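# Examination of the molecular architecture
Here are the chains, one letter per residue:
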Amino acid sequence: MSFFHVPSDLQNTWWGLVGWHLELALLPVLFGFLIALPLAQVCVRLRWLYPPVLGAATVLYAIPSLAFFVVLINWTGLSDTTVLIPLTVYSLVVLIPAVVDGVRSVPEDTRAAATAMGFGPLRRYLEVELPIAVPAIIAGLRVATVSSISLVSVGMLIGNQGALGNLLQDANNYHRIVYAWDAVLTIAVLGILADLALVLLRRVLTPWAARGGRRSGR
């Protein structure tokens with residue numbers, strides 16, 4: 001038996017489980033990011049709204065994932081959707097503050113200059129504020145992504161919806177500790193690789209930050 005052996009009852013290959021795991025982990029981060037972008041902008045413009053929004057996201061984050069899954073089963077059944085919805089909600093508690101803090105860090109004179117050049121609120125947000133906020137946003141995405149990759153494995157508890165986490169259950173069923181090591185190490189490597197990819201993306205999107213760092217070091 002090889003290390004990356006997958007029990008036949010999973011009806012999937014090791015690479016298939018990796019792909020499924022990444023799908024279940026990354027889609028919630030994408031959905032959460034798309035929700036956080038407009039919601040964070042509203043919170044920036046209406047400062048009084050930010051505390052209750054963040055408070056609501058924090059309360060939802062405090063709900064144990066298993067309890068969240070069990071409640072959703074009544075509507076979504078034993079499907080990927082039952083895993084995707086909680087992970088999307090959990091990502092908001094990280095992504096909303098990341099976007100808000102990043103946009104608030106934009107200097108007022110920069111906003112004023114963009115407005116003077118004829119930029120409307122939406123164009124200024126997309127072309128001026130968000131690019132400057134990239135470092136803060138990427139920092140939030142790193143936390144949300146690694147957390148999501150880890151939490152997907154809990155889906156095994158609702159019936160074979162945990163991708164690589166299913167191997168943890170099989171380690172117990174078949175008394176094969178190698179399955180557990182396989183799952184744990186693979187999930188850890190996926191988290192590291194995803195984090196490195198986001199660091200690289202940040203460097204690509206903010207070359208000015210790298211140049212500034214080199215100049216300050218001279």
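Here the structure is a predicted model, which is why all the values come from computation and not from measurement.

### Side note on the overall build of the protein chain
- A tally of helices and strands in the protein chain yields nine helices and zero strands.
- Listed by position from the N terminus, the elements making up the protein chain come as α-α-α-α-α-α-α-α-α.
- Looking at the 218 residues of the protein chain, the share that counts as buried comes to 42%.
- Taking contacts inside the protein chain between residues at least 6 apart in sequence as the whole, the part at least 24 apart equals 73%.

### A short note on a nonpolar patch on the surface
- Together, Val 189, Ile 192, Leu 193 and Leu 196 give the surface a local cluster of nonpolar side chains, amounting to about 380 Å² of exposed area.
- Take Val 189: it is sitting in helix 8 (residues 177-205).
- Exposure remark for Val 189: the relative accessible area of 43% places this residue in the partly exposed category.

### A few points about the pattern of salt bridges
- Inspection of the entire model under this criterion finds five salt bridges.
- Across the pair Glu 108 and Arg 111 runs a salt bridge, and its minimum N-O distance is 2.9 Å. Here Glu 108 pairs with Arg 111, and both are found in helix 5 (residues 108-116), just three residues apart, close to one helical turn.

### Description of the environment of Ala 40
- Residue position: Ala 40 is located in helix 1 (residues 14-45).
- Under the relative-accessibility criterion, Ala 40 is labelled buried at 0%.
- Each C-alpha atom, one on Ala 40 and one on Leu 95, is 8.7 Å from the other, the two residues being 55 residues apart in sequence.
- If sequence neighbours within four positions are ignored, Ala 40 has contacts with Ile 96, Val 99 and Val 100.

### What about the UniProt feature "transmembrane region" (unreviewed entry) in the protein chain?
- Those places that UniProt annotates as "transmembrane region" (unreviewed entry) correspond, in this numbering, to residues 20-40, 52-77, 83-103, 132-158 and 178-201.
- Across residues 20-40, helical content stands at 100% and strand content at 0%; the span's end C-alpha atoms are separated by 30 Å.
- Along residues 52-77 the backbone is 85% helical and 0% strand, and the end-to-end C-alpha distance reaches 31 Å.

### What about the packing of aromatic side chains?
- The tally for this structure, following the rule as stated, stands at two aromatic pairs.
- With 5.9 Å between their ring centres and 75° between their planes, Phe 68 and Tyr 90 make a pair best called edge-to-face. Placement of the pair is Phe 68 in helix 3 (residues 65-76) and Tyr 90 in helix 4 (residues 80-104), with a sequence separation of 22 residues.
- Each residue in the set Tyr 61, Phe 68 and Tyr 90 is aromatic and connected to the rest through ring pairs, giving one cluster.
- Above the ring of Phe 119, the side-chain terminus of Arg 123 is found at 3.9 Å from the ring centroid.

### Brief notes about helix 7 (residues 166-173)
- Of all the positions in helix 7, only Asn 166, Leu 167, Asp 170 and Ala 171 are classed as buried. The buried residues of helix 7 occupy an angular sector of 145° when the element is viewed end-on, so they sit on one face.
- Against the buried residues of helix 7 lie helix 1 and helix 8.

### Let's talk about the packing of helix 1 against helix 4
- As a packed pair, helix 1 and helix 4 sit with axes 6 Å apart at the nearest point and diverge in direction by 40°. Taken as axis vectors, helix 1 and helix 4 run oblique relative to one another. Note on packing geometry: the crossing formed by helix 1 with helix 4 is right-handed.

### Re the nonpolar core
- The biggest cluster of nonpolar side chains holds 27 residues, and the ones touching the most others in it are Ile 149, Leu 164 and Leu 167.
- Those elements that place two or more of their residues in this core are helix 1, helix 3, helix 4, helix 7 and helix 8.
- The element contributing the most residues to this core is helix 8, with seven residues.
- Judged by nonpolar contacts, the second largest core, of 23 residues, contains Val 29, Ala 40, Leu 95 and Ile 137.

### Some thoughts on the environment of Gly 140
- Mapped onto the fold, Gly 140 is located in helix 6 (residues 121-151).
- Along the sequence, Gly 140 and Ile 96 sit 44 residues apart, while their C-alpha atoms lie 8.5 Å from each other.
- Setting aside its immediate chain neighbours within four residues, Gly 140 contacts Val 94, Leu 95 and Ala 98.

Definitions and limits used
Counting starts from 1 at the beginning of each chain's written sequence and moves along it residue by residue. Given that this is a predicted model, residues contribute local features only at a pLDDT of at least 70 and side-chain atom pairs are listed and counted only at 80 or more, while totals for whole chains, interfaces and linings are drawn from all residues. Values reported for side chains reflect all heavy atoms of the structure, with hydrogen atoms and water molecules removed beforehand. Each helix is a run of H or I in the DSSP string that is no shorter than four residues. Each strand is a run of E no shorter than two, and both are numbered from the N terminus. Exposed residues in this analysis have more than 50% of their type's maximum accessible area, buried residues have under 20%, and partly exposed residues fall in between, with area computed by a 1.4 Å probe over protein chains only. By the convention used here, residues are in contact when the closest approach between their heavy atoms is within 4.5 Å. The patches described consist of residues with a relative accessible area above 30% and no salt bridge, like charges being joined within 9 Å and nonpolar side chains (Val, Leu, Ile, Met, Phe, Trp, Tyr) within 5 Å. Per-residue and other accessible areas follow the Shrake-Rupley method at a 1.4 Å probe size, with only the shown protein chains counted as cover for residues. By definition, a salt bridge exists where a carboxyl oxygen of Asp or Glu is found within 4 Å of a side-chain nitrogen of Lys or Arg. UniProt positions are given in the numbering used here, feature names are shortened, and annotations may be inferred rather than shown by experiment. Each aromatic pair joins two rings of Phe, Tyr and Trp (for Trp, the six-membered one) with centres within 6.5 Å, and gets the label stacked for planes under 30 degrees apart, edge-to-face for over 60, and tilted for any other angle. Any Lys NZ or Arg CZ found within 6 Å of a ring centre and within 35 degrees of that ring's normal is scored as a charge over the ring. Along the arc lie the directions from the helix axis toward the C-beta atoms. Fitted lines through C-alpha atoms serve as axes, helices being fitted only where they are in contact, and the angles separating the N-to-C directions of these axes extend from 0 to 180 degrees. Here roughly perpendicular refers to angles of 65 to 115 degrees, roughly parallel to angles under 35, roughly antiparallel to angles over 145, and oblique to all remaining angles. Two helices cross in a left-handed way if the nearer one is turned anticlockwise from the farther one by less than a right angle. They cross in a right-handed way if the turn is clockwise. Nonpolar cores are built from buried Ala, Val, Leu, Ile, Met, Phe, Trp, Tyr and Cys residues. Side-chain atoms within 4.5 Å join them into one set.

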